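The chain contents come next:
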Amino acid sequence: MLEHDVIIVGGGLAGCRAALEIKQTNPKLDVALIAKTHPLRSHSVAAQGGMAATLKNVDPEDNWEAHAFDTVKGSDYLADQDAVEILTREAPDVVIELEHMGVLFSRLPDGRIAQRAFGGHSHRRTCYAADKTGHAILHELVNNLRHNGVRIYEEWYVMQLILEAGQAKGVVMFHILESQLQVARAKAVMFATGGYGRVYNTTSNDFASTGDGLSMSAVAGVPLQDMEFVQFHPTGLYPVGVLISEAVRGEGAYLINSQGERFMVNYAPKQMELAPRDITSRAITRELRAGRGVNLDGSAGGPFVYLDLRHMGKEKIMSRVPFCWEEAHRLVGIDAVNEPMPVRPTVHYSMGGIPVNTDGQVRSSSEGLIEGFFAAGESACVSVHGANRLGSNSLLECIVYGKRTGAAIARYVEKRQLPDVDEQNYLGAAHRKIQALLNQSGNLRINQLRQAFQDNMTQHCGVFRTEESMREGLNQLQQLQQQYQQIYLDDKGSSWNTELIEALELSNLMVVGEIIITAALNRQESRGAHCREDYPNRDDANFLKHTLAFYSPAGIDLQYRPVSITMFEPKERKY
Ligand SMILES: Cc1cc2nc3c(=O)[nH]c(=O)nc-3n(C[C@H](O)[C@H](O)[C@H](O)COP(=O)(O)OP(=O)(O)OC[C@H]3O[C@@H](n4cnc5c(N)ncnc54)[C@H](O)[C@@H]3O)c2cc1C
């Protein structure tokens, strides 16, 4: 059995930042970081637009209180305000720390870190490295892991969280290259496994964003919080769904419908294109429904609207958002200097996740905590984003809470022993699970079932939701889950069997999807990204609370937790 003081699952910004903090706090601790991809291929590397912090380099009158207010308002008042205060107060320091580590942020002419406008933020406070911010930060962090002696297990797929009697003890992991199974135990386990965009058929997320950490936690008995809140980013490139960063609108681009109108004037007259993402995604969807979308031949009634950069000019486009220009050029042959880009909403971010306190320790219920289990980043829900995340607050969350969670783990493991784990029992169960999948003799390809599942989620639990449609979605999902036994694997091999990994991921996607729909059905109000056509208003009297979903194969039990309100009383949200 492998043994480490700390096991971190996930090599994105949250996992790497935590690993670094632990080693810097106590270099003697033996820290392992496990990732199913190479850490540099974590989805964090694709982050484009930037990271919010009130450095005041461009808007001197900005302050952390304004950042906190914007975040809470953006969250439709569901964010925990104690957690938001930490996020926004610590933001300037963590950006400076990254810069001292070597992250190459874009600069103002006087040499200070540049800051741009972003949706829902009242000031220009988003720090960036052109439109490749995640790339710049993740490369520096991964370099530092190696310097600090973190043990990296890359391309190991974690299949199970070992959780017994309220204590996390380790993980079961599978080496993708040679199909080797291992049990690893540790004094503390941290999940930083990222989001679940692949639950839907059109997403900005990478292929590895399959919600494994969420599903493994749920299956082990950990509740998941606020899973009904799924962020649709307004500007996914049509038809592929990859992201065109909000930075493009931050730098001045317009959204235009088939009538040539900047339609955001009808939905958010003050903030226009820089309204928060939930509002802008609904606006685009309403335009499409009203027949004011555009077709590929330019006629009305089509599936996308235009994102128009032309007035920005070539120099600005190429210096501030060169990657977005390149994406549109490479993927759909559009030269954004001269033509508008076709865009529509795409699934982007998970506001919900594994519930944690502000030290990153995982909650077992409204009051309790799980021993030895921590989480941070997109897979966690602390909750700083509530019902709707503001752009550029996620990278910030990964760094602030990755760091805090690392510090908390370093303190925590000092007084802990390595737990007892029955290695053979876990190895045997994992081996049988894999053999069963390899031996299944059904007639369904993984891709067929996954596509049917993703289409079902997209159709029944998308930007707009109703009771009737979600019930239908849940029924269909349960039927699809039964078909899982009928998938057939072509690859029976024991070297680099990615088909097997896809089968394991699909079962995770389905657990996550079931929790999303169930939580969404029960929230009979509209708040942030959760928009119920049958309950169009926010209902603070009944639903100003976090959902906790407890999964079991027999069904999902829902409980609720209060929201921490320390600074700003809920009021109507207008932009
Ligand atoms: C295209 C795009 C652009 C974005 N731009 C911005 C932006 O400009 N600003 C902003 O604030 N936010 C942005 N976001 C959101 C932000 O990038 C993410 O929320 C954040 O980077 C998530 O980091 P993470 O560390 O939580 O997880 P990730 O970076 O997603 O990493 C997850 C890690 O977990 C590992 N993992 C998962 N499952 C397993 C398993 N079963 N076994 C082993 N390892 C596993 C993966 O291999 C990976 O290493 C963007 C997101 C996307 C998709």
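Residues numbered from 1 in each chain as written. Predicted model: local features only at pLDDT ≥ 70, side-chain atom pairs only at ≥ 80, totals over all residues. Heavy atoms only, no water.

Naming follows an unreviewed UniProt entry, where the protein chain appears as Succinate dehydrogenase flavoprotein subunit of Symploca sp. SIO1C4. Among the UniProt annotations of the protein chain, the heading Subcellular location (unreviewed entry) holds the following wording: "Membrane". The UniProt entry for the protein chain carries the following comment under Catalytic activity (unreviewed entry): "a quinone + succinate = fumarate + a quinol". (UniProt positions renumbered as here; feature names shortened; annotations may be inferred.)

Caption draft 1: Inspection of empty space enclosed by the protein at higher detail. Throughout the structure, instances matching the rule amount to 2 cavities of 30 Å³ or more. Within this model, the largest cavity holds a volume of roughly 60 Å³. Every residue lining the largest cavity is listed: Val 230, Gln 231, Phe 232, Asp 278, Ser 281, Arg 282, Asn 388, Val 463 and Ala 529. Across the lining of the largest cavity, the residue classes tally to 4 nonpolar, 3 polar and 2 charged. For the second largest cavity, the calculated volume is near 40 Å³. Taken together, Val 356, Asn 357, Gly 360, Ala 375, Ala 376, Gly 377, Ala 380, Val 382, Glu 397, Tyr 401 and Thr 405 make up the full set of residues lining the second largest cavity. Of the residues forming the lining of the second largest cavity, the biggest block, 3 residues, is contributed by helix H10 (residues 394-414). Looking at the lining of the second largest cavity residue by residue, the classes come out as 6 nonpolar, 4 polar and 1 charged. (1 Å grid on protein atoms, 1.4 Å probe; cavity = no way out; pocket = protein on both sides within 12 Å on 5 of 7 lines; lining within 4 Å. Points joined across faces, edges and corners; volume = space filled by probe spheres on them. Nonpolar A, V, L, I, M, F, W, Y, C, P; charged D, E, K, R; others polar. Helix = DSSP H or I, 4+ residues; strand = E, 2+ residues; numbered from the N terminus.)

Caption draft 2: Highlighting unusual backbone geometry. Omega for the bond connecting Tyr 238 with Pro 239 falls within 30 degrees of zero, at 0 degrees, which places this linkage in the cis form. Residue placement: Pro 239 occurs in the loop between strand E11 (230-237) and helix H6 (247-250). Here the amide bond leading from Val 382 into Ser 383 is cis, since omega sits at -10 degrees, within 30 degrees of zero. Topologically, Ser 383 is positioned in the loop between strand E18 (380-381) and H10. Phi at Ala 130 is positive, roughly 45 degrees, even though this residue is not glycine. With respect to the helices and strands, the residue Ala 130 is situated in the loop between strand E5 (126-127) and helix H4 (133-147). Taking relative accessible area as the criterion, Ala 130 reaches 18% and is therefore assigned buried. Despite not being glycine, Ser 392 has its phi angle at roughly 75 degrees, a positive value. Counting through the fold element by element, Ser 392 comes out in the loop between E18 and H10. (Buried < 20%, exposed > 50% of the residue type's maximum accessible area, 1.4 Å probe, protein only.)

Caption draft 3: Looking closely at the packing of aromatic side chains. In total, this model carries 8 aromatic pairs according to the counting rule given. Geometrically, the ring pair formed by Phe 69 and Phe 568 is edge-to-face, given 5.2 Å between the ring centres and 70 degrees between the ring planes. Of this pair, Phe 69 sits in helix H2 (residues 64-74) while Phe 568 is found in the segment after strand E22 (555-562), placing the two residues 499 residues apart along the sequence. What makes Phe 69 partly exposed here is its relative accessible area of 24%. Owing to a relative accessible area of 17%, Phe 568 belongs among the buried residues under this scheme. When the ring of Tyr 153 is compared with that of Trp 156, the centres are 5.8 Å apart and the planes differ by 90 degrees; the resulting orientation is edge-to-face. (Phe/Tyr/Trp six-rings, centres within 6.5 Å; stacked < 30°, edge-to-face > 60°.)

Caption draft 4: How the structure looks around the sheet that holds E5. Read across the open sheet, the 3 strands follow the order E3-E5-E4; overall the sheet is antiparallel. The strands lining the two open edges of the sheet, one partner per strand, are strand E3 (51-52) and strand E4 (115-116). In terms of strand pairing, E4 meets E5 through 2 bridges, oriented antiparallel. Bridge assignment links Arg 116 to a residue of E5, and that residue is Thr 126. (Pairing = 2+ DSSP bridges.)

Caption draft 5: Main features of the environment of Leu 237. Structurally, the position occupied by Leu 237 is in strand E11. Judged by relative accessible area, Leu 237 falls into the buried class, the value being 1%. Residues Leu 237 and Pro 342, 105 residues apart in the sequence, show an inter-C-alpha distance of 6.0 Å. Discounting residues that sit within four places of it in the chain, Leu 237 has contacts with Val 242, Ile 244, Glu 327, Ala 328, Leu 331, Val 332, Met 341, Pro 342 and Val 343. (Contact = heavy atoms within 4.5 Å.)

Caption draft 6: The arrangement of the pairing of strand E21 (residues 545-552) in detail. Extensive coverage of E21 is indicated by the burial of 6 of its 8 residues. When strand E10 (residues 224-225) meets E21, the two strands line up antiparallel, connected through 2 bridges. The partner of Leu 224 across the bridge, within E21, is Ala 549. Summarising the sheet, E21 and E22 pair through 8 bridges and their orientation is antiparallel. Its bridge partner lying in E22, His 546 is registered against Arg 561.

Caption draft 7: Region of the structure containing the side chain of Gln 115. Tracing the backbone shows Gln 115 in strand E4. Overall, Gln 115 belongs to the buried group, its relative accessible area being 5%. Here Ala 53 takes part through its backbone oxygen, which lies 2.8 Å from a polar atom of the side chain of Gln 115. A polar contact of 3.0 Å, which involves the side chain of Gln 115, links it to the backbone nitrogen of Asn 57. Excluding residues within four positions of it along the chain, Gln 115 makes contact with Ala 53, Leu 55, Lys 56, Asn 57, Val 58, Arg 124, Arg 125, Thr 126, Cys 127 and Tyr 128. (Polar contact = N/O pair within 3.5 Å; in protein donor to acceptor, adjacent residues only side chain to side chain.)

Caption draft 8: Structural view of the site of the ligand. Close to the ligand lie 39 residues, the nearest being Ser 42, His 43, Ser 44, Gly 49 and Glu 378. In the environment of the ligand, an oxygen atom lies 2.7 Å from a nitrogen or oxygen atom belonging to the backbone of Leu 395. Alone, the ligand offers 1000 Å² of accessible surface; in the complex the protein occludes 98% of this. Of all elements in the fold, only helix H1 (13-25), strand E2 (31-35), strand E7 (156-164), helix H5 (212-220), strand E14 (341-350) and H10 reach the threshold of two or more residues within the shell around the ligand. Its residues placed into classes, the shell around the ligand shows 16 nonpolar, 19 polar and 4 charged. (Near = heavy atom within 4 Å. Areas by Shrake-Rupley, 256 points an atom, 1.4 Å probe, with all protein chains shown as cover.)

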